[in-house]
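Chains, contacts and geometry: an overview
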Amino acid sequence: MNPRIHPARLAAAAAVCLAAMAGCGDDSGGDTSSGTEPPPALTLLTYDAFTEPAALASFTEATGIEVTVAKGGDAGTLVNKAIITAGRPEGDVLWGLDNTLLSRALSQGVFEPYESTELDALDPSAVGLVPGHEVTPVDTGDVCLNVDRRWFEERGEEPPSSFEDLVDPAQKGRLVVQNPASSSPGLAFMLATVAHFGDPGFLDYWARLRDNDVAVVEDWDTAYYSSFTGGGGGGDRPIVVSYASSPPATIFFAEEPKPAEPTTASVEATCFRQVEFAGVLRGTEHQEAAQRLVDFLVGEELQAELPLTNFVYPIREDVPLPQLFVDFGQPAADPLTLSPEVIADHRDEWIDAWTQTVLR
């Protein structure tokens, strides 16, 4: 949708006009010819699993700038769309680019560089990933295998605790993953296997997973809510690629009486560190307002909401985790990683090789 004619913009303009009607129509001598522009309305593009924090309303109250959240698939799909529309964006700010896709978006000129006023409060290792400040880190997450604890307990079995356990014939038909070509957690998990097994060893591993009947779906929502037995959608796979922060959600969203412990668990040995970014889209007609929104996204108020809305870790170092995360959703102590340079150099060839190996 063309942002210049977005319904939210028309509504915002109409509201401002109505509020000012008395001043526009009176003859008290006030100057009504200044032509003061109403605050713009912004569109925040993000992925389907994003939950809008209530704090966004505070941004509108403080600035008058309305924010419409527009969702567009998994993060991989979202970034691909942003690349296709670079310079003529469908929104003003994008939230959801991560370190696995970072170089792809930056090389295509998707973003307008902006050095946020909040950078000094953010995790310096994450800020350092983008020295040109094309985007700003907003949160971190650890992509890991998750297991349905109840499913395994009911069968008197121990759940897998490593990559190697997944190729055991006993785990045949139990794993669902996301396609790394379309899904950021799927890509992160594939990169975790590269970090663990090396290249080309990771392809041999995936061939074994294929032979052990791994299921591949296009996005996280489908994997977790439809295929995973612990996702509430009647799935038949008790092992899924998700996040280290997913288990606390099984308590937070449970009906009363809530379980004392999560019904799922993450497998720490498989965790890959993901950093998410937000940025001003090149071509926005509201660059200054978009920059203000980026600053707000990494401000204390919104950052404090992220764990219990989007189940990710705040990027601000002065924002503590809620107790539910302290007890059941701590980030991995030693996550797998690959440098952005290595990912940039090999990501596409690894995805192609994975596709030939797993989906052939």
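Residues numbered from 1 in each chain as written. Predicted model: local features only at pLDDT ≥ 70, side-chain atom pairs only at ≥ 80, totals over all residues. Heavy atoms only, no water.

A word on the overall build of the chain
A count of helices and strands for the chain gives 15 helices and ten strands. For a compact globule of 360 residues, the expected C-alpha radius of gyration is about 21 Å, and the chain comes in at 22 Å, within 12% of that figure. Considered along the principal axes of its C-alpha atoms, the chain spans approximately 85 × 50 × 35 Å. Every one of the 360 residues in the chain was classed for burial, and the buried ones make up 52%. Long-range pairs, those at least 24 residues apart, make up 75% of the contacts in the chain between residues at least 6 apart in sequence. (Helix = DSSP H or I, 4+ residues; strand = E, 2+ residues; numbered from the N terminus. Rg over C-alpha atoms; globule rule 2.2 N^0.38 Å. Buried < 20%, exposed > 50% of the residue type's maximum accessible area, 1.4 Å probe, protein only. Contact = heavy atoms within 4.5 Å.)

Quick word on the side chain of Ser-162
Among the secondary structure elements, Ser-162 is positioned in the loop between α7 (149–154) and β6 (175–178). Engagement of the side chain of Ser-162 in a polar contact is seen with the backbone nitrogen of Glu-164, the distance being 3.4 Å. Those residues in contact with Ser-162 that lie beyond four places of it in its chain are Val-267 and Thr-270. (Polar contact = N/O pair within 3.5 Å; in protein donor to acceptor, adjacent residues only side chain to side chain.)

Let's talk about the state of the cysteines
Tallied over the entire structure, the rule returns one disulfide. The disulfide that involves Cys-144 links it to Cys-271, with 2.0 Å between the sulfurs. Classification of the bridge connecting Cys-144 and Cys-271 rests on its S-S torsion, roughly 105°, and on that basis the disulfide is right-handed. Highlighted residues: Cys-144 in strand β5 (residues 136–148) and Cys-271 in strand β9 (residues 264–281), separated in sequence by 127 residues. (Disulfide = S-S within 2.5 Å.)

Comments concerning the confidence of the model for the chain
In the predicted model, the chain carries a mean pLDDT of 90, and the fraction of residues at 70 or more is 90%. Predicted confidence is poor over residues 1–34, with pLDDT under 50, and the contacts of this stretch with residues over four places away or in other chains come to 23 contacts. (pLDDT = per-residue confidence, 0-100.)

Some points on the pattern of salt bridges
In a structure, side chains of opposite charge can pair up when their charged atoms sit close to one another. Counted according to the given criterion, the structure contains twelve salt bridges. The partner of Asp-348 in a salt bridge is Arg-104, with the nearest N and O atoms 2.8 Å apart. Here Arg-104 lies in helix α5 (residues 102–107) and Asp-348 lies in helix α15 (residues 340–358), a separation of 244 residues in the sequence. Overall, the relative accessible area of 42% leaves Asp-348 in the partly exposed class. By relative accessible area, which is 17% here, Arg-104 ends up buried. Residue Glu-153 is joined to Arg-149 by a salt bridge in which the shortest nitrogen-to-oxygen separation is 3.7 Å. Residue Glu-153 and its partner Arg-149 are both found in helix α7; the two are separated by four residues, about one turn of the helix. For Glu-153, a relative accessible area of 52% corresponds to the exposed category. (Salt bridge = Lys/Arg side-chain N within 4 Å of Asp/Glu carboxyl O.)

A word on the packing of aromatic side chains
Applying the stated rule across the entire model yields 21 aromatic pairs. Centroid distance Phe-163 to Phe-197: 5.9 Å. Interplanar angle 65°. Geometry classified as edge-to-face. Placement of the pair is Phe-163 in the loop between α7 and β6 and Phe-197 in helix α8 (residues 184–197), with a sequence separation of 34 residues. A relative accessible area of 1% means that Phe-163 is categorised as buried. A residue is classified by how much of its surface remains accessible, and Phe-197, at 27% relative accessible area, is partly exposed. Members of the aromatic cluster, joined through ring pairs, are Phe-163, Phe-189, Phe-197, Tyr-205, Trp-206 and Trp-354. (Phe/Tyr/Trp six-rings, centres within 6.5 Å; stacked < 30°, edge-to-face > 60°.)

Observations concerning the pairing of β6
Every second residue of β6 is oriented toward a common face, with Leu-175 and Val-177 on one face and Val-176 and Gln-178 on the other, all of them buried. Across two bridges, β6 lies against strand β8 (residues 239–243) in parallel orientation. What sits directly across from Val-176, in β8, is Val-240. Pairing geometry for β6 and strand β7 (residues 215–217), over three bridges, is parallel. Bridged to Val-176 within β7 is Ala-215. (Pairing = 2+ DSSP bridges.)

Points about the nonpolar core
Counting 91 residues, the largest nonpolar core has Trp-95, Leu-97, Phe-189, Met-190, Trp-206 and Leu-297 as its most contacted members. Residues within four places of Phe-189 in sequence aside, it is in contact with Val-143, Leu-145, Phe-163, Leu-166, Val-177, Trp-206 and Val-241. In this structure, Ala-244, Cys-271, Phe-311 and Phe-325 belong to the second largest nonpolar core, which totals eight residues. (Core = buried A, V, L, I, M, F, W, Y, C linked by side-chain atoms within 4.5 Å.)

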